[in-house]
Amino acid sequence: MTTESPSGSLADLAIRESVELHDFFSRWLRAQGGEKLDIARLAGVLDPGFRLVAPDGGVRERQALIDWITGVRGSRGADFWIDVADFVAVWQSPEAVLLEYVETQYIDGKTTKRLSTALFCRAPEAPCGVVWRHLQETWLQSGE
């Protein structure tokens with residue numbers, strides 16, 4: 001079996017990865033109808049040195065994030081969703097791209113937004129051709 005290498009600019013690959021992983025998170029956190037999902041989707045796209053700086057300033061390393069996401073499967077209601085939009089490639093080299101986007105989450109009748117800046121590195125073996133190296137999230141005030 002041969003697999004195709006993802007094509008497109010590095011920024012395009014990072015955008016596709018952002019959309020696909022947030023879709024995975026939405027489905028994982030709802031976990032309805034016995035949908036078969038595998039945490040390997042997340043583990044396979046996080047660089048070994050991955051770090052997340054959450055909106056509250058807390059820092060999670062790669063394995064801590066995987067463990068947390070594993071533990072909260074199905075913890076959100078059926079109305080939960082995540083959307084990512086307004087992508088901007090802030091910086092790019094041949095092997096990495098710094099991508100900014102707005103993440104919107106809806107849960108229990110409340111909507112929250114955060115501005116996210118993510119560093120992606122080229123990884124042809126990854127599903128979308130990139131891996132997450134660093135992620136910084138900042139709360140946005142309502143109405144922004």
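Notes on the structure in this doc start here. (Residues numbered from 1 in each chain as written. Predicted model: local features only at pLDDT ≥ 70, side-chain atom pairs only at ≥ 80, totals over all residues. Heavy atoms only, no water.)

A word on the overall build of the chain
Turning to step 1, where the next piece is worked out: Counting its regular elements, the chain contains three helices and six strands.
Turning to step 2, where the next piece is worked out: Across the chain, helices and strands are ordered from the amino to the carboxyl terminus as α-α-β-β-α-β-β-β-β.
Turning to step 3, where the next piece is worked out: Across its three principal directions, the C-alpha atoms of the chain cover 40 × 40 × 25 Å.
Turning to step 4, where the next piece is worked out: In the chain, which comprises 144 residues, the proportion classed as buried is 38%.
Turning to step 5, where the next piece is worked out: Sequence-distant contacts in the chain: of pairs separated by 6 or more residues, those separated by 24 or more amount to 53%.
Turning to step 6, where the next piece is worked out: Here the chain displays about 7900 Å² of accessible surface, and carbon together with sulfur accounts for 52% of that area. (Helix = DSSP H or I, 4+ residues; strand = E, 2+ residues; numbered from the N terminus. Buried < 20%, exposed > 50% of the residue type's maximum accessible area, 1.4 Å probe, protein only. Contact = heavy atoms within 4.5 Å. Areas by Shrake-Rupley, 256 points an atom, 1.4 Å probe, with all protein chains shown as cover.)

A short note on helix H3 (residues 62-71)
A turn of α-helix holds 3.6 residues, and therefore any two residues three or four places apart point the same way.
Turning to step 1, where the next piece is worked out: When H3 is considered as a whole, its buried residues turn out to be Leu-65, Ile-66 and Ile-69. The arc that holds the buried residues of H3, viewed along the axis, is 100°, so those residues lie on one side.
Turning to step 2, where the next piece is worked out: Looking at the packing, one finds that the buried side of H3 touches helix H1 (10-30), helix H2 (40-43), strand E1 (46-53) and strand E2 (59-61). (Arc of directions from axis to C-beta.)

Quick notes on the packing of aromatic side chains
Turning to step 1, where the next piece is worked out: The tally for this structure, following the rule as stated, stands at five aromatic pairs.
Turning to step 2, where the next piece is worked out: Feature note: the residues Phe-24, Phe-25 and Trp-28 constitute an aromatic cluster, connected by ring pairs.
Turning to step 3, where the next piece is worked out: It is Arg-76 that lies over the ring of Phe-80; its NZ or CZ is 5.9 Å from the centre. (Phe/Tyr/Trp six-rings, centres within 6.5 Å; stacked < 30°, edge-to-face > 60°. Lys NZ or Arg CZ within 6 Å of the ring centre and 35° of its normal.)

Overview of the nonpolar core
One recurring pattern in soluble globular proteins: nonpolar side chains tend to sit buried together.
Turning to step 1, where the next piece is worked out: Counting 31 residues, the largest nonpolar core has Phe-24, Leu-42, Phe-120 and Trp-132 as the members making the most contacts within it.
Turning to step 2, where the next piece is worked out: Looking at this core, the elements that each hand over two or more residues are H1, E1, H3, strand E3 (81-92), strand E4 (96-107), strand E5 (110-122) and strand E6 (130-139).
Turning to step 3, where the next piece is worked out: In terms of residues, this core owes the most to one element, H1, which gives nine residues.
Turning to step 4, where the next piece is worked out: Contacts of Trp-132, omitting those with residues within four sequence positions, involve Glu-17, Ser-18, Leu-21, His-22, Val-45, Leu-46, Asp-47, Phe-50, Tyr-101, Ala-118, Leu-119 and Phe-120. (Core = buried A, V, L, I, M, F, W, Y, C linked by side-chain atoms within 4.5 Å.)

Section: H1
Turning to step 1, where the next piece is worked out: With 21 residues, H1 ought to run about 30 Å at 1.5 Å a step, and its terminal C-alpha atoms sit 30 Å apart, in line with that.
Turning to step 2, where the next piece is worked out: The positive-phi residue at the C-terminal boundary of H1 is Ala-31, with phi of around 40°. (Expected span 1.5 Å × (residues − 1).)

Comments concerning unusual backbone geometry
Turning to step 1, where the next piece is worked out: Located in the positive-phi region is Asp-86, a residue other than glycine, with phi close to 60°.
Turning to step 2, where the next piece is worked out: Residue class for Asp-86 comes out exposed when judged on its relative accessible area of 59%.
Turning to step 3, where the next piece is worked out: In this model, Asp-108 sits at a positive phi of 50°, which is unusual for a non-glycine residue.
Turning to step 4, where the next piece is worked out: With respect to the helices, strands and loops of the structure, Asp-108 is situated in the loop between E4 and E5.

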